Amino acid sequence: MKLLHRELELAIEAAIKAAQASGELPQFGIPPIPVSAPKRTGQGDLAYPAMGLAKLARMKPLDIARLIGDKLPELDFADDIRVAPPGFINCSIAKDYLARQVDAIIAEGDVLFQLGIGCGKRAQVEFVSANPSGPITIGHTRGAVVGDAMARLLEAAGYSVQREYYYNNAGSQMVKLGKSLMLRYREQLGDEVKFPAEYYQGEYLVEVAADLVAEQGDSLRGEGWEYFRDAAETRMFDWIERSLASIDIRHDAFFNESSLFESGKIWAVLETMRESGHIYEAAYWEGAGEDEIADVESKGYAPATWFRSSAFGDEKDRVMVKSDGVPTYTLPDITYHCDKLERGFDIAVNVLGTDHFSQAQVVRHGIEALGMDPEPIHVIFNQMVRAVRRNEETGEYEAVKQSKRAGDFDTLDDLVEMTSADAVRYHMLARSPNSQLDFDVDQVVKQTNENPVYYIQNAYVRCAGIFREAEERGFDDAGANLALLGEDELAFIGKALELGNVIEQAVVTYEPHKIAFFAQELASVFHPIYDRVRVLHSEVPRETAKARLRFYRAAAVVFQRVLRLMGMSAPERM
RNA sequence: GCCUCUGUAGCUCAGUGGACAGAGCACCGGUCUUCUAAACCGUUGGUCGCAGGUUCGAGUCCUGCCAGGGGCGCCA
């Protein structure tokens, strides 16, 4: 399928060059040509504001637009190209072109609007990356949904995509997890235990402990916390993978932070940074103020190893290796991203919560300190997400309490159980990452028209219903004459042709939520048509019905493609 | 205090420096004898937080305020 925006942009650029060659326009460097879809009817399907050229050409915008309009090469999709004040070029898509796209859409099917911009390139999306110390929370879920949608969109753009999960099972948190499980296990055996407040309080560890007792009895009483840590990790990862699979998310690779220690790579990276003069040993950082120095001296720290990140614009330097010789998380993080870049990805997207903002900056500085180009790395920062419900008395939204009790919507599993995988995916995706997300549990549960999930899926369901009925009646679309399609149907095809542009925009701006809004718009164009444009009614002439059936086949392809890009199912019935 | 995100209709939110500011929900009033009405049609609804600035043109860019979220550890 063609990207009509792009075709028109190229045509306009050619027209400007032609006008420059003939001397009708002066010579100037041609700026980007922004072609967009006008909001209002009567302004065509594609529009270009030529006003931006007025200053460069020192001419009236309307005159420039006329000039470009005259020089535009023949375009097979365009019919009426008009110039409108104060200097717009409006282009309408030809009806016969739209009609021809019905068959083109059906022919492309599952790979509708597969783009070439990532052709031969490799992309990686690192997402979720939750340490195996507990279940997938509602916060992780946003990252999971956004990351997977980003991966699907990159695939649609032609990239070969790897989904990676980075985790750390070696830190102090995992020690705590192991010890927590050990205590829970002994609790289950009836031992009197004191459970420290800083240990993992979650009910899920009690359940794991109960499982262990059921499977092994008291035979584990002699095991140390290491055994329980490993047991906890195995079960947590099982759980995490199962939860993610329940919303159709799977990773291709799991990268263990420990491997960077075992291979010694973190030390090699540290040495490289040291050789280029970005590392120093000191008790406190070079720019420390009196308060900081006093604070450090009161704690009596021995010298630590610092990264002079302030040289890259950071507000202060960062400790890479603590005074006890143990690296902070910063060093392996930098090493991991260094490793990513060495693996040669053209794009490495990292989906993180906004609470990792500072850390991501430090990693970027570290990559620069290694003399590497951080450009392939792009971080999508998701703002906070919380589950809320409306308080019936006050009418205010209130956060659902964070707890492991059933029904409190704290985990991905809870969300899926109370709503559905499709609802979770849609609602988590249908928001700009920059926006905080209040996941309104009660609304998502509702299976009414308040819920856009069903609105979109119902478009596909309605198509499927027509196909079923047509088959029962032995009616098919063989030999359909697409010239019989009306304006309604062609308007939908015109909207569907924007999909390529949406995919491209979502990929270049790293904003996968654009596809969710497009899906909603597409459905809102579809439903009124379904109401008006009937297929299997007695008063519809047979030839018209065939054309319409073919149209709905194309519509179904479009909805299926869009739903899959969002990781949602395309149900045949509801 | 510094960094960052947000502030657009009653609510939840879209919005590539371009044309008269958009959608869903809610509200109000209509549509099922024919492919499932989880739908459709119509009405109502706005000082785009405030104040300046840049521009032919600002919800969009810049500066300063105001309000809210998040981050600023030899924690991960």
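Residues numbered from 1 in each chain as written. Chains lettered and ligands numbered in written order. Predicted model: local features only at pLDDT ≥ 70, side-chain atom pairs only at ≥ 80, totals over all residues. Heavy atoms only, no water.

Draft legend 1. Spotlight on the nonpolar core. Grouped together as the largest cluster of nonpolar side chains are 136 residues, with contacts concentrated most on Ile68, Leu154, Phe492, Tyr552 and Met566. A per-element tally of this core places helix H21 (residues 542-565) first, with 14 residues. Look past the residues within four positions of Tyr552 in its chain and what remains in contact with it is Cys463, Ile466, Phe467, Phe526, Ile529, Tyr530, Val533 and Val535. Core analysis: the second largest hydrophobic core is formed by 27 residues, Tyr166, Met320, Tyr336 and Ala348 among them. (Core = buried A, V, L, I, M, F, W, Y, C linked by side-chain atoms within 4.5 Å. Buried < 20%, exposed > 50% of the residue type's maximum accessible area, 1.4 Å probe, protein only. Helix = DSSP H or I, 4+ residues; strand = E, 2+ residues; numbered from the N terminus. Contact = heavy atoms within 4.5 Å.)

Draft legend 2. Structural detail: the sheet that holds strand S4 (residues 122-126). Spatially, five strands are ordered S6-S5-S4-S10-S11 in an open sheet, and the strand pairing comes out parallel. For this open sheet the edge positions go to strand S6 (253-256) and strand S11 (377-382), each flanked by a neighbour on one side alone. Between one strand axis and the next, the sheet turns through 25° on average, direction left out of account. Here S4 pairs with strand S5 (residues 160-167) via five bridges, running parallel. (Pairing = 2+ DSSP bridges. Axes fitted to C-alpha atoms, helices over the stretch in contact; angles between N-to-C directions.)

Draft legend 3. A look at the layout of surface pockets. Approximately 1100 Å³ is the volume attributed to the second largest pocket. In terms of lining, the second largest pocket is formed by 38 residues, of which the most central are Ala37, Pro38, Asp45, Gly494 and Glu498. Only helix H1 (4-21), strand S3 (88-93), helix H4 (95-108), helix H18 (487-496), helix H19 (499-508) and helix H20 (513-532) provide two or more residues apiece to the lining of the second largest pocket. Grouping the amino acids of the lining of the second largest pocket by side-chain chemistry returns 15 nonpolar, 10 polar and 13 charged. Both domain 1 (4-93) and domain 4 (450-565) contribute no fewer than three residues apiece to the lining of the second largest pocket. (1 Å grid on protein atoms, 1.4 Å probe; cavity = no way out; pocket = protein on both sides within 12 Å on 5 of 7 lines; lining within 4 Å. Points joined across faces, edges and corners; volume = space filled by probe spheres on them. Nonpolar A, V, L, I, M, F, W, Y, C, P; charged D, E, K, R; others polar. Domains from an automatic or database assignment.)

Draft legend 4. Spotlight on the packing of helix H7 (residues 203-216) against helix H8 (residues 225-246). Two elements in contact, H7 and H8, have axes separated by 11 Å at closest approach and are oriented at 110°. In terms of orientation, H7 and H8 fall into the roughly perpendicular class. Read as a crossing pair, H7 and H8 show a hand that is right-handed. Residues Tyr204, Leu205, Val208, Asp211, Leu212 and Glu215 of H7 touch H8, and the partners they reach there are Phe228, Arg235, Met236 and Trp239. (Parallel < 35°, antiparallel > 145°, perpendicular 65-115°, else oblique. Left-handed = near helix turned anticlockwise from the far one by under 90°.)

Draft legend 5. Representation of helix H17 (residues 452-472) in the model. Compared with an ideal rise of 1.5 Å per residue, which puts 21 residues at 30 Å, H17 spans 30 Å between its outermost C-alpha atoms and is within 8% of the ideal. By the largest-angle criterion, Asn458 marks the main kink of H17, which is about 30°. Those residues of H17 lying buried are Val453, Tyr454, Ile456, Gln457, Ala459, Tyr460, Val461, Cys463, Ala464, Ile466, Phe467 and Ala470. Residues of H17 that are buried make contact with helix H15 (421-429), H20 and H21. Looking one or two residues beyond H17, the residue adopting positive phi is Gly474, at roughly 65°. (Expected span 1.5 Å × (residues − 1). Bend = angle between axes of the 7 residues up to and from the residue.)

Draft legend 6. View of the packing of helix H10 (residues 265-275) against helix H12 (residues 330-342). In the contact formed by H10 and H12, the axes pass within 9 Å of each other and the chain directions differ by 90°. Considering their axes alone, H10 and H12 lie roughly perpendicular with respect to each other. Each of Lys265, Ile266, Trp267, Val269, Leu270 and Met273 in H10 lies in contact with H12, whose residues at this interface are Leu331, Pro332, Ile334, Thr335, Cys338, Asp339 and Glu342. Its residues assigned to classes, the contact of H10 with H12 shows nine nonpolar, one polar and three charged.

Draft legend 7. Highlighting the domain arrangement of chain A. By domain assignment, chain A separates into domain 1 (4-93), domain 2 (172-246), domain 3 (255-353) and domain 4 (450-565). Distance from the C-alpha centre of domain 2 to the C-alpha centre of domain 4: 51 Å.

Draft legend 8. Quick peek at the packing of aromatic side chains. Scanning all chains against the criterion turns up 23 aromatic pairs. Residues Phe237 and Phe254 carry aromatic rings whose centres are separated by 5.9 Å and whose planes lie at 85° to one another, so their mutual orientation is edge-to-face. Of this pair, Phe237 sits in helix H8 while Phe254 is found in strand S6, placing the two residues 17 residues apart along the sequence. Exposure remark for Phe237: the relative accessible area of 11% places this residue in the buried category. (Phe/Tyr/Trp six-rings, centres within 6.5 Å; stacked < 30°, edge-to-face > 60°.)

Draft legend 9. Seen up close, the environment of Gly109. Turning to its location among the elements, Gly109 is positioned in the loop between H4 and S4. Its relative accessible area of 15% is what places Gly109 among the buried residues. For the pair Gly109 and Ala554, spaced 445 residues apart in the sequence, the C-alpha separation amounts to 8.4 Å.

Draft legend 10. Layout of unusual backbone geometry. The omega torsion across Pro85 and Pro86 is 5°, close enough to zero to call that bond cis. Summarising the element assignment, Pro86 is placed in the loop between strand S2 (78-84) and S3. Positive phi is not limited to glycine here, since Val128 has a value of about 70°.

Draft legend 11. Structural context of the pairing of S3. Within S3, five of the six residues are buried, leaving the element largely enclosed by the surrounding structure. In terms of strand pairing, strand S1 (residues 46-49) meets S3 through four bridges, oriented antiparallel. The partner of Ala47 across the bridge, within S3, is Asn90. Summarising the sheet, S2 and S3 pair through five bridges and their orientation is antiparallel. In the strand pairing of S3, Arg82 is matched with Asn90.

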